[in-house]
Amino acid sequence: MDNTPLPLASTFVSVLQQVLGAPEKGFSLHEPEFAGNEWKYVKECIDTGWVSSIGKYVDEFERCLATYTEAKHAVAVVNGTAAQHIALLLMGIGPGDEVIIPSLSFVATANAVAHCGAIPHFVDSTERTLGLDPEALEKHLKQTTERAAGGLRNTLTGRRIAGIVPMHTFGHPVEITELLEVAGRFGLPVIEDAAESLGSYYQGRHTGTFGHLGILSFNGNKVITTGGGGAILTNDSELARKAKYLTTTAKRPHRWEFFHDEIAYNYRLPNLNAALGCAQLERLEDTLARKRQLTERYREVFQSAHGLHFVEEPKDCHSNYWLNAVRLIDPSMSARDILLSTANDAGFQCRPAWTLLHKLPMYASCPRAELPTAEKLEASLINIPSSAYLAELSR
Ligand SMILES: *Cc1c(COP(=O)(O)O)cnc(C)c1O
């Protein structure tokens, strides 16, 4: 790699310093925060013995999630990947099917497809949102698919294309209305990967509530955490019932009998984790407000950083700004890596976007569209420290 010092790298670090000050121990990318009733609720689980798969906090967490997102139903599960796995199964996705996903995403988006025995099919993203590009999607589907007896067929592979999974990158909502329109024209269900976008809205409506099903993640690095956890969102009561059933071993309700009528999953969220989640949700608005203050400050200061572009929420959207990001105006993997190493050496934990999924060995031979924008974004995106508490340093 080229190690020549880059003026852009010093600009980058000096902006971070201007916003956050000099790091004493270093600033990590995103830290969880436990400043409310977390300890009290978790202690209560332990004191009462209700630590495991049943307990009041699971129900309470589901109720609060549904209220907050205005989804009719939320089903809490053990993590976001499990939520996605079940959501895909509920849409009838199975072995040999192809599922459209962005190549620019976290590996879980593809893994959940593979867990169904299905095959990820990668489509390009747009610079407008960092998510799936509705125009590229429509063009690709027009050119490479045909209507067949079993649904939409990929004319190159002969396989059925069975669904679309848009993902709201770093919390920025995708153009979900346009994507739903394209999906509708081709008869495909939409499962929203809203793992990163709790607290993000597209035209006033919460992300994850537009598709047939949506999923959230509460991993330790997300906007709120349950340690590990996830949820399935849906407005369809029958799908919600099935999601609960399939994630809790498909047990017929009975006072003592164990009778299960399907090969199902133990994807339950333990009560302990749900307790943490309830406390985290109580402070979500405050967390988001402080994250937005930090974003404002970054936005202001990055304006004078030539060569760098601060990523802002898309038009008509309200983003949770889960991870703040900048883009190199001239995409270059080597320049990106110099900025990353310079910033990390200076104590600012910064990360590139994910390696594009079609470049990972297990997905390298999957079908894909042309991915010029995803390639450009991969070579230009850098995530910068985004924890809510950093807002207090940045005044
Ligand atoms: C975090 C995340 C998930 C789910 O992750 P879990 O760690 O399984 O909760 C899924 N998709 C995306 C895009 C994510 O960022």
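Residues numbered from 1 in each chain as written. Predicted model: local features only at pLDDT ≥ 70, side-chain atom pairs only at ≥ 80, totals over all residues. Heavy atoms only, no water.

A.B. asks: What exactly am I supposed to notice about the overall build of the protein chain here?
C.D. replies: For the protein chain, the count of helices and strands is 13 helices and 16 strands. Computed over its C-alpha atoms, the radius of gyration of the protein chain comes to 21 Å, within 12% of the 21 Å expected for a compact globule of 395 residues. A burial count over the protein chain gives 55% of its 395 residues as buried. The long-range fraction of contacts in the protein chain, counting pairs at least 24 apart against all pairs at least 6 apart in sequence, stands at 71%. As displayed, the protein chain offers around 16,800 Å² of accessible surface, 53% of which is attributable to carbon and sulfur atoms. (Helix = DSSP H or I, 4+ residues; strand = E, 2+ residues; numbered from the N terminus. Rg over C-alpha atoms; globule rule 2.2 N^0.38 Å. Buried < 20%, exposed > 50% of the residue type's maximum accessible area, 1.4 Å probe, protein only. Contact = heavy atoms within 4.5 Å. Areas by Shrake-Rupley, 256 points an atom, 1.4 Å probe, with all protein chains shown as cover.)

A.B. asks: Help me out: how do you make sense of the environment of Ala-114 in this one?
C.D. replies: Note on placement: Ala-114 falls in helix H5 (residues 107-115). Using a relative accessible area of 34% as the deciding quantity, one classes Ala-114 as partly exposed. In the structure, Ala-114 is positioned 29 residues away from His-85 in sequence and 8.8 Å away in space, judged by C-alpha atoms.

A.B. asks: Which parts of the structure should I look at to understand the sheet that holds strand S5 (residues 151-154)?
C.D. replies: Within a sheet, neighbouring strands are paired by backbone hydrogen bonds and run either parallel or antiparallel to one another. On the basis of which strands lie adjacent, the open sheet formed by five strands has the order S3-S2-S6-S5-S4 and mixed pairing. Bordering the open sheet on either side are strand S3 (119-123) and strand S4 (145-148), each of which pairs with just one other strand. Along the sheet, successive strands turn relative to each other by an average axial angle of 45°, direction set aside. This element, helix H6 (residues 134-144), spans strand S2 (98-102), S3, S4, S5 and strand S6 (160-164) of the sheet and lies at about 65° to S4. (Pairing = 2+ DSSP bridges. Axes fitted to C-alpha atoms, helices over the stretch in contact; angles between N-to-C directions.)

A.B. asks: Before we go on, may I ask you to explain the domain arrangement of the protein chain in this structure?
C.D. replies: Accessible area lost upon the coming together of the parts is a frequently used measure of interface size. The domains assigned to the protein chain are domain 1 (6-33 + 284-392) and domain 2 (38-282). Counting residues at the interface gives 43 residues for domain 1, matched by 52 residues for domain 2. Summed over both partners, the interface of domain 1 with domain 2 buries about 3,800 Å², with 65% contributed by carbon and sulfur atoms. Notably, a salt bridge pairs Glu-127 with Lys-376, separated by 2.9 Å at the nearest N-O pair. Summed over the shared surface of domain 1 and domain 2, the result is 24 residue pairs in polar contact (both at pLDDT 80 or more). Those elements that provide at least two residues to the side of domain 1 that touches domain 2 are helix H10 (284-302), strand S13 (317-318), strand S14 (325-328), helix H12 (372-378) and strand S16 (381-383). Class assignment for the residues of the side of domain 1 that touches domain 2 results in 25 nonpolar, eight polar and ten charged. (Domains from an automatic or database assignment. Buried area = accessible area lost by both parts, 1.4 Å probe. Salt bridge = Lys/Arg side-chain N within 4 Å of Asp/Glu carboxyl O. Polar contact = N/O pair within 3.5 Å; in protein donor to acceptor, adjacent residues only side chain to side chain. Nonpolar A, V, L, I, M, F, W, Y, C, P; charged D, E, K, R; others polar.)

A.B. asks: Quick question: what am I supposed to make of the UniProt feature "modified residue: N6-(pyridoxal phosphate)lysine" (unreviewed entry) in the protein chain here?
C.D. replies: Look at the UniProt record and you will see "modified residue: N6-(pyridoxal phosphate)lysine" (unreviewed entry) annotated at Lys-222. In this fold, Lys-222 is placed in the loop between strand S10 (213-217) and strand S11 (230-234). Residue classification places Lys-222 among the buried residues on the basis of a relative accessible area of 10%. When sequence neighbours within four positions are dropped, the list of residues in contact with Lys-222 reads His-30, Ala-195, Glu-196, Ser-217 and Trp-322. (UniProt positions renumbered as here; feature names shortened; annotations may be inferred.)

A.B. asks: I'm lost on the packing of helix H2 (residues 38-48) against helix H9 (residues 271-282) in this one. Help?
C.D. replies: For any two helices packed against each other, one specifies the crossing angle of their axes together with the interaxial distance. Where H2 contacts H9, the axes come no closer than 8 Å and their chain directions differ by 160°. Considering the angle they form, H2 stands roughly antiparallel to H9. In the packing of H2 onto H9, the handedness of the crossing is right-handed. The residues of H9 that touch H2, namely those facing Glu-38, Tyr-41, Val-42, Cys-45 and Ile-46, are Asn-271, Leu-272, Ala-275, Leu-276, Cys-278, Ala-279, Gln-280 and Glu-282. (Parallel < 35°, antiparallel > 145°, perpendicular 65-115°, else oblique. Left-handed = near helix turned anticlockwise from the far one by under 90°.)

A.B. asks: I tried to follow H10 on my own but got confused; where do I start?
C.D. replies: Along an α-helix, residues three or four positions apart point the same way, because every turn accommodates 3.6 residues. With 19 residues, H10 should reach 27 Å at 1.5 Å per residue; the first-to-last C-alpha distance of 26 Å fits that figure. Along H10, the positions that sit buried rather than exposed are Leu-284, Thr-287, Leu-288, Arg-290, Lys-291, Leu-294, Thr-295, Tyr-298, Val-301 and Phe-302. All buried residues of H10 fall inside an arc of 165° around its axis, so they share one side. Buried-residue contacts for H10 involve helix H1 (7-20), helix H3 (56-69), H9, strand S12 (308-310), S14 and helix H13 (390-393). (Expected span 1.5 Å × (residues − 1). Arc of directions from axis to C-beta.)

A.B. asks: How should I be thinking about unusual backbone geometry in this particular structure?
C.D. replies: In terms of backbone geometry, most residues other than glycine have negative phi values and most peptide bonds are trans. One non-glycine residue, Leu-130, lies in positive phi territory at about 70°. Residue placement: Leu-130 occurs in the loop between S3 and H6. Taking the relative accessible area as the measure of exposure, Leu-130 reaches 1% and is therefore buried. Of note in this structure, Phe-170 is not a glycine but carries a positive phi near 60°. Note that Phe-170 resides in the loop between S6 and helix H7 (176-185). Looking at Phe-170, the relative accessible area reads 1%, which means it is buried.

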